[in-house]
Amino acid sequence: METLDVTRIEPRLKHPTIFQKFDALAEGQEFVIHNDHDPIPLYYQMLAEKGKIFEWEYLCKGPEIFEVKITKLHLGQKSMTIGELVAGDYRKAEVFQKFGLDFCCGGQKTVKEACDKKGISALEVESAIALVDNTQKNKKQDFNSWDLDFLADYIVNTHHKYVSEAIPMLNILSSKVAKVHGKNHPEVIALAKFYNAVADELLQHMPKEEGVLFPYIKKIAQAKREGTQLARPAFGSIENPIRMMESEHISAGENMQKVNNLSNAYTPPEDGCSSYRVLFAKLAEFEQDLHEHIHLENNILFPKALELERELLDTK
């Protein structure tokens, strides 16, 4: 692989030389730039002028030497979806939350598609994602590398447990705030209605996962690990319960978005009492947990379980 030593190039000619080198590449070809400082400004310039037609990968990141492999993507190469980006690095979820982009139920859109629909700058979002790419990844959040049975248990022990413990308190607070403040703030009455719909959905949804879907996913993971035969389930294929769970995720996500809208992104009014403020803070926490919860299932657990079942049962 050819390396371009940028330190030997006159400063005013560095970026033009790199651009010229990139333009001369055929699709799929790559080269490495060698520099004595982080060339991240070049990344942003290329992103602005070329669009996302290249892949940027650090091979060495300081403190004295920086080397980056730049690859020209194939024309029409499929862009990763938001869900895939978050599956690869969950820290990117914070970027999408910041810009109001749905990475769980709406995770099948590309960044450009999601930004176009919301009317915001894809370049600005891509730049924020790049900042995440250029910082060290926290291995404790690398859900994509976890075994499926371990991930299923994590979802139950972390997210299902959180939901079960949070709902009783939220039931009391939402009812109280609606009763006390509903006259002056009728939106909290509607808010309580949509929150209750989410709570009811989740309380019916989680036992189905824990009683049927997750035990089968754990059997799939065990069969793969031990090299044993996987028995076909009574429901035919894991695709059937997964589609049902995803449909319920969409419903819960849509109702939670209505709660968010009615609360002005969980911003209490000036005359809101302590219960009002605690309710909104708790709902914001509840929504954040729900987003991660659905993401882990829709974008990591379910696709991998589907793929593994097809492999073990040799189905198309």
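The residue count restarts for each chain, going from 1 along the sequence in the order it is written. Restriction of local features to residues with pLDDT of at least 70 applies here, the model being predicted, together with a cutoff of 80 or more for giving and counting side-chain atom pairs; totals for whole chains, interfaces and linings are based on all residues. Side-chain metrics in this entry use all non-hydrogen atoms of the structure; hydrogen atoms and water are not considered.

A.B. asks: Please clarify how the overall build of the protein should be interpreted in this entry.
C.D. replies: Starting at the N terminus, helices and strands are each numbered in turn, a helix being any DSSP run of H or I of at least four residues and a strand any DSSP run of E of at least two. The secondary structure content of the protein amounts to 10 helices and 4 strands. Listing every helix and strand of the protein by position from the N terminus yields β-α-β-α-β-β-α-α-α-α-α-α-α-α. Across the 316 residues of the protein, 46% fall into the buried class. Taking all contacts inside the protein whose residues are at least 6 apart in sequence as the whole, residues at least 24 apart take part in 71%. Working definition of accessibility: Shrake-Rupley area with a 1.4 Å probe, residue cover restricted to the visible protein chains. Carbon and sulfur atoms make up 52% of the accessible area of the protein, which totals about 16800 Å². Buried residues are those whose accessible area, probed at 1.4 Å on protein chains only, stays under 20% of the maximum for their type, while exposed residues exceed 50% and partly exposed ones sit between those limits. Residue contacts are defined here by distance: any two heavy atoms, one from each residue, within 4.5 Å place the two residues in contact.

A.B. asks: Please clarify how the packing of aromatic side chains should be interpreted in this entry.
C.D. replies: For any pair of aromatic rings, the description rests on two quantities: the centre-to-centre distance and the angle between the ring planes. Here the aromatic set is Phe, Tyr and Trp, taking the six-membered ring for Trp, and pairing holds for ring centres within 6.5 Å; pairs whose planes are under 30 degrees apart are stacked, those over 60 apart are edge-to-face, and all others are tilted. Evaluated as defined, the whole model comprises 12 aromatic pairs. Ring centres 6.2 Å apart and planes at 75° place the aromatic pair Tyr 195 and Phe 286 in the edge-to-face group. Note that Tyr 195 is positioned in helix α8 (residues 187-226) and Phe 286 in helix α10 (residues 274-313), a separation of 91 residues in sequence. A cation sits over an aromatic face here: Lys 61 above Tyr 58, 4.7 Å from the ring centre. Positioned above the aromatic ring of Phe 22 is the side chain of Lys 72, whose terminal nitrogen or guanidinium carbon lies 5.0 Å from the ring centre. For a ring to carry a charge above it, either NZ of a lysine or CZ of an arginine must fall within 6 Å of the ring centroid while also lying within 35 degrees of the normal to the ring plane.

A.B. asks: Mind showing me how you'd approach the packing of α8 against α10 here?
C.D. replies: Helix-helix packing is characterised by the crossing angle of the two axes and by the distance between the axes. Running from amino to carboxyl end, α8 crosses α10 at an angle of 30°, the nearest separation of the two axes being 10 Å. The orientation of α8 with respect to α10, classified from their angle, is roughly parallel. Handedness of the α8/α10 crossing: left-handed. Gly is put with the polar residues, along with every residue not named as nonpolar or charged; the nonpolar set is Ala, Val, Leu, Ile, Met, Phe, Trp, Tyr, Cys and Pro, and the charged set is Asp, Glu, Lys and Arg. Taken together, the residues of the contact of α8 with α10 sort by class into 23 nonpolar, 2 polar and 6 charged. Angles run from 0 to 180 degrees between N-to-C directions of axes, and those axes are lines fitted to C-alpha atoms, restricted for helices to the stretch in contact. Convention used here: angles under 35 degrees read as roughly parallel, angles over 145 as roughly antiparallel, angles from 65 to 115 as roughly perpendicular, and any remaining angle as oblique. Handedness of each helix crossing follows the sense of rotation of the near helix against the far helix: counterclockwise by less than a right angle gives left-handed, clockwise gives right-handed.

A.B. asks: Just to check I follow, could you spell out unusual backbone geometry for this structure?
C.D. replies: Negative phi is the rule for most residues except glycine; trans is the rule for most peptide bonds. A positive phi angle, near 55°, is found at Asn 264, a position not held by glycine. Among the structural elements, Asn 264 can be located in the loop between α9 (239-262) and α10. Even without being glycine, Tyr 266 reaches a positive phi, approximately 65°.

A.B. asks: It is not clear to me how the pairing of strand β2 (residues 30-35) should be interpreted in this structure. Could you clarify?
C.D. replies: Every regular strand shows the same layout, with side chains that alternate between the two sheet faces. The element β2 is extensively covered by neighbouring structure, given that 5 of its 6 residues are classed as buried. For two strands to count as paired, DSSP must find a minimum of two bridges between them. With 3 bridges joining them, strand β1 (residues 3-5) and β2 adopt parallel strand pairing. The residue bridging Thr 3 from the neighbouring strand is Val 32, located in β2. For the crossover that starts at β1, traverses helix α1 (residues 14-23) and ends in the parallel β2, the hand is right-handed. Two strands pair when backbone bridges link them, and β2 and strand β4 (residues 66-72) are joined in this way by 6 bridges, in the antiparallel orientation. Opposite His 34, over in β4, you have Glu 67 as the bridge partner. Note on handedness: a crossover is taken as right-handed if, strands pointing away from the viewer, the path from the first strand over the helix to the second is clockwise.

A.B. asks: Sorry, what's going on with the sheet that holds strand β3 (residues 54-61) here?
C.D. replies: Strand pairing in a sheet takes place through backbone hydrogen bonds and is either antiparallel or parallel in direction. Spatial strand order, β1-β2-β4-β3: 4 strands in an open sheet with mixed pairing. Whereas interior strands pair on both sides, the edge strands pair on one side only; in this sheet they are β1 and β3. Across the sheet, the mean angle separating the axes of adjacent strands is 25° when strand polarity is ignored. Pairing geometry for β3 and β4, over 7 bridges, is antiparallel. Each residue of the ladder has a partner; that of Lys 61, found in β4, is Phe 66. Where α1 meets the sheet, its contacts fall on β1, β2, β3 and β4, and the angle it forms with β2 comes to roughly 165°. Across the sheet, helix α2 (residues 40-50) is in contact with β2, β3 and β4; its angle to β3 comes to roughly 180°.

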